[in-house]
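Chains, contacts and geometry: an overview
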Amino acid sequence: MMKVARPQNQWLYELPGSCHRLDSCHANTRATIIGVLMGLSLTWERGSKGGREASREKSVLREICRGEGRQRRKRRSSGCWEESEATDGDAGTFGIVRYFFSDEPDQFSVDDDTGWVILRAALDYELMRRFTLTILARDGGGEETTGRIRVNVLDVNDNAPLFQKEAYVGSLRENEQAVQPVARVKATDDDSPPNNFLTYTITSASAFLSYFSVVMVEGYAVISVTRPLDYEQVPKGMVYLTVMAKDGGNPALNSTVPVTVEVIDENDNPPEFSKPSYIVKIPENIIAGATVLLVNATDLDASREFGQASLIYSLEGSSQFRLNSRSGEITTTALLDRELKSEYILIVRAVDGGVGPQQKTGIATVNITILDINDNVPMWREDPYHTNVVEMSPINTDVISVLAVDPDNGLNGTVRYSISPENPFYTISSSTGKIRTSGLTLDRESSNPKDAVLMRTIIISAVDRGTPPLHASVSTTVFVNLLDLNDNDPTFLNLPFVAEVPEGLPIGSSVFKVQVEDPDEDKNGLITMTLQMGMPRLDFVLNTSTGVLSSMAVLDREQIGQYHLRIIAFDAGKFPRTSTSTLTVTVLDVNDETPTFNPSVYNVSLKESVPRDHIVSRLSCSDNDAGLNAELSYFITGGNQDGKFSVGFRDGVVRTVVGLDRETQAAYTLVVEAIDNGPAGSRRTGTATVFVEVQDVNDNRPIFLQNSYETSILESVSQGTSILQVENTHKQLNTLVSNCTQQSH
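Predicted model, so just to flag it, every value in this text is computed and none were measured.

**Digging into the overall build of the protein**
A count of helical and extended segments in the protein gives two helices and 57 strands. Split into buried and exposed, the 745 residues of the protein put 41% on the buried side. Long-range pairs, those at least 24 residues apart, make up 65% of the contacts in the protein between residues at least 6 apart in sequence. When the accessible surface of the protein is totalled, it reaches about 39400 Å², and 50% of it is carbon and sulfur.

Structure below.
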């Protein structure tokens, strides 16, 4: 600080505005202190940066006090100060001067003894450029004088430029070809010229530094973009610039401010899916509503209007799937069935928020393959199956191929076949379902009922190879029609046989039906029969097709009781097979013969003296029938009123029952009947007459009832004819007459 004394009691000081303490002032800080005393101006100027001299007065530090040219400078540890001195011509205490300010400024103090004005607080040119201090000098006698000190604070470049805002934000549209102003920035510097002359530069940029420039327009630093920017090349669509304002001081001070440049997105990018084609595989038993796929489209446009946030998804191709229009999640809407449809090709679209022609669309395909699960049992293509196989076919003869279809895929749809229950006549390929003969003889005419069923019926089971395996709900049946070979001879079912036929049947009557069987089919089993010969006589004819044997003559058992016939049967095969058998025809008796007495008339003479049970006659009667029909029973049906005679029931022997008396009855005419034992209602009877003459024993005199008898006879009467019956009253007479009659015969 410089002090200048002048009669007007005025001092003018100029101090560096950047000094907080005078001893802290640097040589590169310029300050000028001008004192005005009696029209004299004093200047203290210190050198400026770079050795250049100030444009103002040369630096001089000078003190003038009441015409006494004297220079003083003291430095203390507390700072720099200058002495203010007043003189008093008085002596003693009245000549001692004390100094003080009329008011107490905050920035200055005065040494009351020496008069040195001391800077006690920092000065700021920008806050206060001039101080006017009133100082009092008072002596010991109470006399005082007033002086005024004017302190001009000289500017020092101690203020950095200050931007009007802490940060600036600008924007521009991408792809613009012309130069676009982005932002205007402005800084102020409270220093005085030339310290406050500002220049602006872009010191850094997050991207594309070379694309930006700064020009001054009407006091503003206008930041412009000189080349088109592509929003999609700008990270997050933002460019962060650092703009520096530098003042004209020496050394210069600067400040920086961030400028955020938002690149406004244009809808110049279509949405693009992460893949042009999605391939998804899902099991067919996936539940309805399950997530299938999350498609994702990216729009490089970043605004909410056109960018990712604006995307809306849509789905085409199948109602089995639903697409969340915002998230891109594809879910099922219903249960799927691979067997109905195994693959779906969907088209997904993503549209951004553009309107009309400005709207952009991205397209991708979604190929969904439905993976199989074993949820279907094998199903028979046919049920049942029918096939023809020639009997006696050799081993591995193809029979038929069965097919079960399993709509599942892979092993789940691979069907294995088996014969269940086992059938010894056939084998089956487990993979192809082809059935072949096993080599066991196939005999169409087999009489074994179990084998016959097995040869004609094959039961097939089917199971897939899934895990777990699924069986067909039912087995299928193959019905085998065994085609015939002529491998069987005709077989007589009822020959050889003894046929019994009643005699007396009319000509053409059916006697017997020959039954022949040939288990072969068609012509191989078509049988023709013929009657080859008959013994002892061929009295029959055979229907060649029906086998009915008919009579050609009335059979008479009594003539031929048995026939022996030879019958031949042959089929109609290409190479006919024959069989021969015999039929014995036995003619059964019919009660068609009447018992016949031989002779039919018996004449017997008995003495009246024969004893009881005397055999009168043995009758002979025969019946040509046989059996019971020929079994005879004898009865006396006439001439035995008084029961003198009896006949043996079986032997036909006539006997006397009691004694005879010629005088009572000299002759008997017995009628004897022989009845066969044929069926009731058809029994036949033979009759014989037994004439019994009772010969007299002379035990009575004869007496005729009349004296003479006369009769006439023809000369042609046969011997034994009764001529006349004489009667007497004496039994012996009758006997005599009878005898005479007998003798005359």
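**Quick word on a nonpolar patch on the surface**
Where nonpolar side chains cluster on the molecular surface, the patch consists of Ile713, Leu714, Val717, Ile723 and Leu724 and spans about 420 Å² of accessible area. Secondary-structure assignment places Ile723 in the loop between β57 (685-695) and α2 (731-744).

**Notes on helix α1 (residues 449-456)**
Those residues of α1 that sit buried are Ala452, Leu454 and Met455. Buried residues of α1, viewed axially, fall in a sector of 165 degrees; they line one side. Away from its buried face, by an angle of more than 90 degrees, α1 presents the exposed residues Pro449 and Lys450. If you follow the buried residues of α1, they end up packed against β36 (426-428), β38 (457-464) and β39 (476-483).

**A short note on the side chain of Asn157**
One can find Asn157 in the loop between β12 (144-154) and β13 (162-163). There is a polar contact of 3.3 Å between the side chain of Asn157 and the side chain of Asp247. Within the structure, Asn157 has its side chain in polar contact with the backbone oxygen of Pro251 (distance 3.1 Å). If near-sequence neighbours (up to four positions away) are discounted, Asn157 is found in contact with Asp189, Asp191, Asn195, Asp247, Gly249, Asn250, Pro251, Ala252 and Leu253.

**Quick word on the pattern of salt bridges**
Across all of its chains, the model carries 19 salt bridges by this definition. Between Asp113 and Arg98 there is a salt bridge; the shortest N-O distance is 3.8 Å. Here Arg98 lies in strand β8 (residues 97-101) and Asp113 lies in the loop between β9 (108-110) and β10 (116-119), a separation of 15 residues in the sequence. Judged by relative accessible area, Arg98 falls into the partly exposed class, the value being 41%. Where Asp613 meets Arg655, a salt bridge forms, and the shortest distance between an N and an O atom there is 4.0 Å. In this pair, Asp613 is assigned in the loop between β50 (601-607) and β51 (615-618) and Arg655 in strand β55 (residues 653-656), connecting sequence segments 42 residues apart. Residue Asp613 is classed as partly exposed on the basis of its relative accessible area of 47%.

**Section: the sheet that holds strand β19 (residues 220-225)**
Here three strands make up an open sheet; going across it, the order is β15-β19-β18 and the pairing antiparallel. If you trace the sheet from one side to the other, it starts and ends with β15 (180-185) and β18 (212-217), each paired once. In this sheet, adjacent strand axes meet at a mean angle of 30 degrees when their direction is disregarded. Bridge count for β18 against β19 is six bridges, and the pairing is antiparallel. In the sheet register, Ser213 faces β19, and the bridge partner there is Ser224.

**Observations concerning the packing of aromatic side chains**
Applying the stated criterion across every chain, the model contains 13 aromatic pairs. Between Phe108 and Phe131 the ring centres are 5.4 Å apart and the planes differ by 75 degrees, which places this aromatic pair in the edge-to-face class. Of the two residues, Phe108 is situated in strand β9 and Phe131 in strand β11 (residues 130-139); the sequence distance between them amounts to 23 residues. Both residues of the pair, Phe108 and Phe131, belong to the buried class. Members of the aromatic cluster, connected to one another through ring pairs, are Phe163, Tyr168 and Tyr200.

**Observations concerning the sheet that holds β36**
Pairing within the open sheet is antiparallel, and its three strands lie in the order β33-β37-β36. Every other strand in the sheet has two partners, leaving β33 (398-401) and β36 as the edge strands with one partner each. Across the sheet, the mean angle separating the axes of adjacent strands is 25 degrees when strand polarity is ignored.

**Here we look at the confidence of the model for the protein**
Of all residues in the protein, 86% attain a pLDDT of 70 or more, and the chain-wide mean is 82. Taken as a whole, residues 731-745 scores under 50 in pLDDT and shows 42 contacts with residues more than four places along the chain or in a different chain.

**Description of the nonpolar core**
Counting residues in hydrophobic clusters, the biggest one holds 25 residues, and the most contacted among them are Val185, Phe212 and Val259. Among the secondary structure elements, those contributing two or more residues to this core are β14 (168-173), β15, β17 (199-205), β19, β20 (238-246) and β21 (254-264). Not counting residues up to four positions away in its chain, the partners in contact with Val259 are Tyr168, Ala183, Val185, Ile223, Val239, Tyr240, Leu241 and Val243.

**Some details on the side chain of Asp520**
Position of Asp520 relative to the elements: it lies in the loop between β43 (516-517) and β44 (527-535). It turns out Asp520 is buried and unbridged, and the closest side chain with the opposite charge, Arg444, is 4.6 Å from it. At a separation of 2.9 Å, a polar atom in the side chain of Asp520 contacts the side chain of Asn488.

Cut-offs used in this document
- Residues numbered from 1 in each chain as written.
- Predicted model: local features only at pLDDT ≥ 70, side-chain atom pairs only at ≥ 80, totals over all residues.
- Heavy atoms only, no water.
- Helix = DSSP H or I, 4+ residues; strand = E, 2+ residues; numbered from the N terminus.
- Buried < 20%, exposed > 50% of the residue type's maximum accessible area, 1.4 Å probe, protein only.
- Contact = heavy atoms within 4.5 Å.
- Areas by Shrake-Rupley, 256 points an atom, 1.4 Å probe, with all protein chains shown as cover.
- Patch = residues over 30% accessible without salt bridge, like charges linked within 9 Å, V, L, I, M, F, W, Y side chains within 5 Å.
- Salt bridge = Lys/Arg side-chain N within 4 Å of Asp/Glu carboxyl O.
- Arc of directions from axis to C-beta.
- Polar contact = N/O pair within 3.5 Å; in protein donor to acceptor, adjacent residues only side chain to side chain.
- Pairing = 2+ DSSP bridges.
- Axes fitted to C-alpha atoms, helices over the stretch in contact; angles between N-to-C directions.
- Phe/Tyr/Trp six-rings, centres within 6.5 Å; stacked < 30°, edge-to-face > 60°.
- pLDDT = per-residue confidence, 0-100.
- Core = buried A, V, L, I, M, F, W, Y, C linked by side-chain atoms within 4.5 Å.
- Lys, Arg positive; Asp, Glu negative; His and termini not counted.

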